[in-house]
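Next come the chains, spelled out residue by residue.
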Amino acid sequence: MTLNRRKLLTRTVLFSTLFQKNKTSEAADLDIPSWTREPGAPILKNPYGKPSSFEKDVVRRTFTKMRGGQGSTLTPLASLHGIITPGGLHFERHHAGVPEIDPAQHALVVHGLVDQPMRFSLDDLHRLPSVSRLCFIECSGNTGTEWTKATRTDVQSTHGLLSCSEWTGVPLPYILAETGIKADARWILAEGADGAAMSRSIPLAKGLDDVIVAYAQNGEALRPEQGYPLRLICPGYEGNMNIKWLRRLKLGQYPFYTREETSKYTDLLPDGKARQFSFTMGVKSVIVRPSGGMKLSSPGLQEINGLAWSGHGKITKVHVSTDGGKQWTPARLDGLVLDKCLTRFTLPWVWNGQKTILQSKAYDEAGNVQETRQVLRARYGNNLYYHNNGIQSWLVSESGDISNVFI
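Just so we're clear, the structure is a prediction, and the values are computed from it rather than from any experiment.

What counts and what doesn't
- Residues numbered from 1 in each chain as written.
- Predicted model: local features only at pLDDT ≥ 70, side-chain atom pairs only at ≥ 80, totals over all residues.
- Heavy atoms only, no water.
- Helix = DSSP H or I, 4+ residues; strand = E, 2+ residues; numbered from the N terminus.
- Rg over C-alpha atoms; globule rule 2.2 N^0.38 Å.
- Buried < 20%, exposed > 50% of the residue type's maximum accessible area, 1.4 Å probe, protein only.
- Lys, Arg positive; Asp, Glu negative; His and termini not counted.
- Charge placed at Lys NZ, Arg CZ, Asp CG, Glu CD.
- Core = buried A, V, L, I, M, F, W, Y, C linked by side-chain atoms within 4.5 Å.
- Contact = heavy atoms within 4.5 Å.
- Pairing = 2+ DSSP bridges.
- Phe/Tyr/Trp six-rings, centres within 6.5 Å; stacked < 30°, edge-to-face > 60°.
- Axes fitted to C-alpha atoms, helices over the stretch in contact; angles between N-to-C directions.

Q: Provide a residue-level description of the overall build of the protein chain, including the pertinent values.
A: A count of helices and strands for the protein chain gives seven helices and 24 strands. Taken against the 2.2 N^0.38 rule, which gives 22 Å for 407 residues, the C-alpha radius of gyration of the protein chain at 24 Å falls within 12% of a compact globule. Projected onto its principal axes, the C-alpha positions of the protein chain cover 75 × 65 × 45 Å. Counting over 407 residues, the protein chain shows a buried share of 48%. A distance of 6 Å separates the average location of the 48 positive side-chain charges in the protein chain from that of its 38 negative side-chain charges.

Below you can see the structure in the form of C-alpha cells.
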C-alpha cells in the first residue's frame, strides 16, 4: 500500500492531539493493581469458557415477544469486532421454540425425485468429505420496522437480525451424488424437525452450487438455537431458508408452496400482488460505531466503523457520508473480503461539534448499489416489510448524542 505523505502527517497530528490528555506521570503508570498482587482464578474454573464479567452487557436482546415459541433475538453488532459472530451472540428466529434433539436418533432423509431414497445418520454425514465456509445469515425482516419511519433506537434493534459464522459440513452435491437426481427434478423441499416443521422450497440449481448441510459453527458443534444437530446453509439467501434441525430434503419438479413462502416471506407490492421467491439478500451496509444510542464525548478524531454485505457476492467498495449524503468518501475495507460474507469498513473522521448525519453506501461485484429508502419506496410502495436494504442514517446532535433518523 502506498502512503500519501500529506495524509500521513495529517493523521499523525490528529493522533498527537487526541492523546495529549492521556499523558500522565511515570509513577502513576507503575502503580501495581490488586489483581497483579495475587493469583487469579484456578484453571478450568469454567470448563466451557465464558466472557469476562466486565462484558456482561454484550448480550442478545429480544426483538419480539415469545409466544408459543415464536420470537427473535438480536446480535449486539456495535459491541463486536471483525466479521465473526460468536456462537452465543448469533441472532435467533424461532417459529416453535428450540427442540432438544438426540443426535443418535436424528437423521436426514433424502427422497422424492431421486434414483435411490436414502437416510443419513449424523455418523454417515461425518464420514463424507467436509468443507468450511464463512458467510452471513440475515433475516429477511431485518430493518423491516424502518421501511416508512425511524422506529428503533440503536443498531442492535434496527439491524441485529444479522450474524456471520464459519459453517462446517457436507456440500449438498456430495449427498445428492449418493442418492442420484432424476432428470425432471428442479426444486428441493427442506424441512426442519422443530414443532413448526419449518420448510422452504429451494431451487435445485442453488443446492448444487454452494449449499452446505452443516453440523458445526465456528469450530464447535451447532448450538441448539442454531439448529443442532444439522442445519442447511444457503449462502446469500434470506435467513429462514437456512433450515435448522434439518430432517428431510425432498426433490420435486415444482416449488412446494409451503406456508412460509405463501402467507409469509413474500413481498406485498403497491397493486396488492405479492412478489414470491425473492431469495437473495440485497447489497447492504450500516455504520455500527458511532451509531444510535451512543454519544460522542467531544469534537475531534473519531473512527467510523461499519459492516457491509451482499447475497450477490463480494463487496467491492463502501462509501461514507458525514453530511447527510451531500458528499461521499471511500472507506477502507478491513481484513478479509469474501463472497456472501460480512465485510468490515472503517474511515477516520474529524467531528467539528456541529449537527450532522452519518450514512454508508455499499457496492457489490454484481454491480448492485445500496439505495436510499426513498428510491426503494418509490419502486415498491409502503406495504413492503421484508428485504429492506435502504441506506441507514444516524443523526449526530451538537451535544454528541446519536439517534436514528429517517431521510
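Still to come is the rest of the account.
Q: So what's going on with the nonpolar core? Residues and values would help.
A: If you look at the biggest cluster of nonpolar residues, it comprises 34 residues, and the most contacted ones within it are L108, V110, I175, V213, L232 and L246. Mapped by element, the contributors of at least two residues to this core are β4 (107–112), α3 (122–127), α5 (172–179), β8 (187–192), β10 (212–217) and β13 (246–252). Ignoring anything within four residues of it in the chain, the contact list for L246 reads H106, A107, L108, A190, E191, G192, V213, L230, R231 and L232. Membership of the second largest hydrophobic core comes to 32 residues, among which are L77, V286, I287 and L347.

Q: Before we move on, could you go through the pairing of strand β16 (residues 284–289) and cite the residues and values that matter?
A: Along β16, five of the six residues are buried, which leaves the element largely enclosed by surrounding structure. In terms of strand pairing, β16 meets strand β17 (residues 300–309) through five bridges, oriented antiparallel. Each bridged residue has a counterpart across the sheet, and for V286 the counterpart in β17 is L307.

Q: Before we move on, can you summarise the packing of aromatic side chains with the specific residues and values?
A: The full count for this structure, using the stated rule, is seven aromatic pairs. Centroid distance W187 to F277: 5.4 Å. Interplanar angle 45°. Geometry classified as tilted. Taken together, the residues span a long stretch of sequence, with W187 in strand β8 and F277 in the loop between β15 (274–275) and β16 at a distance of 90 residues. Judged by its relative accessible area of 16%, W187 falls in the buried class.

Q: How would you sum up the sheet that holds β16? Please name residues and give values.
A: Taken together, the four strands give an open sheet; going across it, the order is β16-β17-β21-β20, and neighbouring strands pair in antiparallel fashion. A strand with exactly one partner marks an edge of an open sheet, and here the two such strands are β16 and β20 (332–334). Pairs of neighbouring strands in the sheet enclose a mean axial angle of 35°, with direction left out of account. Sheet analysis places β17 next to strand β21 (residues 343–351), joined by nine bridges and oriented antiparallel.

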